[in-house]
Amino acid sequence: MNAPAAVDHVPSVDALESDDLLILAASWEQRCLGLASKLRGYRCKHILMTIYDGPSEKRAENIKTLRQVLCPVAPLIEFEAKHSNPIENVRKTLGFIRNLRLNRTPRITLDLSS
């Protein structure tokens, strides 16, 4: 497993293969856009975007921007999450990973910035 690192572009876990999954979060904070701006050349099979509750104009703008950037990269799956009860989102995420039914360790890039 790789340690978290600041990067100017996002590499796949294995340079010769697409990642199975990119996991990131959308919110009203500007930092949720950081990873999406660094995806040039990045390859993955699925993108899972957690969308936190707390509707706001800025949150809606960020979600729109993320959809525009992420949809050309890979199929985008959106999971809602509640700040008051994030466990349900964790369960959905783990269920999604299990349903990939891989016969190996999944290649997952996780954005920790948000």
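The structure under discussion appears in the preceding block.
Parameters and conventions
- Residues numbered from 1 in each chain as written.
- Predicted model: local features only at pLDDT ≥ 70, side-chain atom pairs only at ≥ 80, totals over all residues.
- Heavy atoms only, no water.
- Helix = DSSP H or I, 4+ residues; strand = E, 2+ residues; numbered from the N terminus.
- Rg over C-alpha atoms; globule rule 2.2 N^0.38 Å.
- Buried < 20%, exposed > 50% of the residue type's maximum accessible area, 1.4 Å probe, protein only.
- Contact = heavy atoms within 4.5 Å.
- Lys, Arg positive; Asp, Glu negative; His and termini not counted.
- Charge placed at Lys NZ, Arg CZ, Asp CG, Glu CD.
- Salt bridge = Lys/Arg side-chain N within 4 Å of Asp/Glu carboxyl O.
- Core = buried A, V, L, I, M, F, W, Y, C linked by side-chain atoms within 4.5 Å.
- Disulfide = S-S within 2.5 Å.

(A) The overall build of the chain, seen in detail. From N to C terminus, the chain includes two helices and four strands. Across the chain, helices and strands are ordered from the amino to the carboxyl terminus as β-β-α-β-α-β. Since a compact globule built from 114 residues should have a radius of gyration of about 13 Å, the 14 Å found for the chain is in line with a globular shape. Projected onto its principal axes, the C-alpha positions of the chain cover 40 × 30 × 25 Å. Across the 114 residues that make up the chain, the buried fraction comes to 34%. Long-range pairs, those at least 24 residues apart, make up 79% of the contacts in the chain between residues at least 6 apart in sequence. Taken as two groups, the 16 positive and 13 negative side-chain charges of the chain have centres that lie 3 Å from each other.

(B) A look at the pattern of salt bridges. The full count for this structure, using the stated rule, is seven salt bridges. When the shortest N-O distance is used, the salt bridge between Arg 104 and Asp 20 registers 2.7 Å. Here Asp 20 lies in the segment before strand E1 (21-26) and Arg 104 lies in the loop between helix H2 (87-99) and strand E4 (108-110), a separation of 84 residues in the sequence. In this structure, Glu 29 engages Arg 31 in a salt bridge whose closest nitrogen and oxygen atoms are separated by 3.2 Å.

(C) Here's a closer look at the nonpolar core. Counting 18 residues, the largest nonpolar core has Leu 22, Leu 39, Met 49, Leu 66 and Leu 70 as its most contacted members. Where this core is concerned, the elements lending two or more residues are E1, strand E2 (47-52) and helix H1 (57-70). Residues Leu 48, Phe 79, Phe 96 and Leu 100 belong to the second largest nonpolar core, which totals six residues.

(D) Layout of the environment of Ser 113. Tracing the chain through its elements places Ser 113 in the segment after E4. For Ser 113, a relative accessible area of 32% corresponds to the partly exposed category.

(E) Here's a closer look at the state of the cysteines. Scanning the entire structure with this criterion turns up zero disulfides. This cysteine, Cys 44, is not joined by any disulfide, and Cys 71 carries the nearest cysteine sulfur, 11 Å off.

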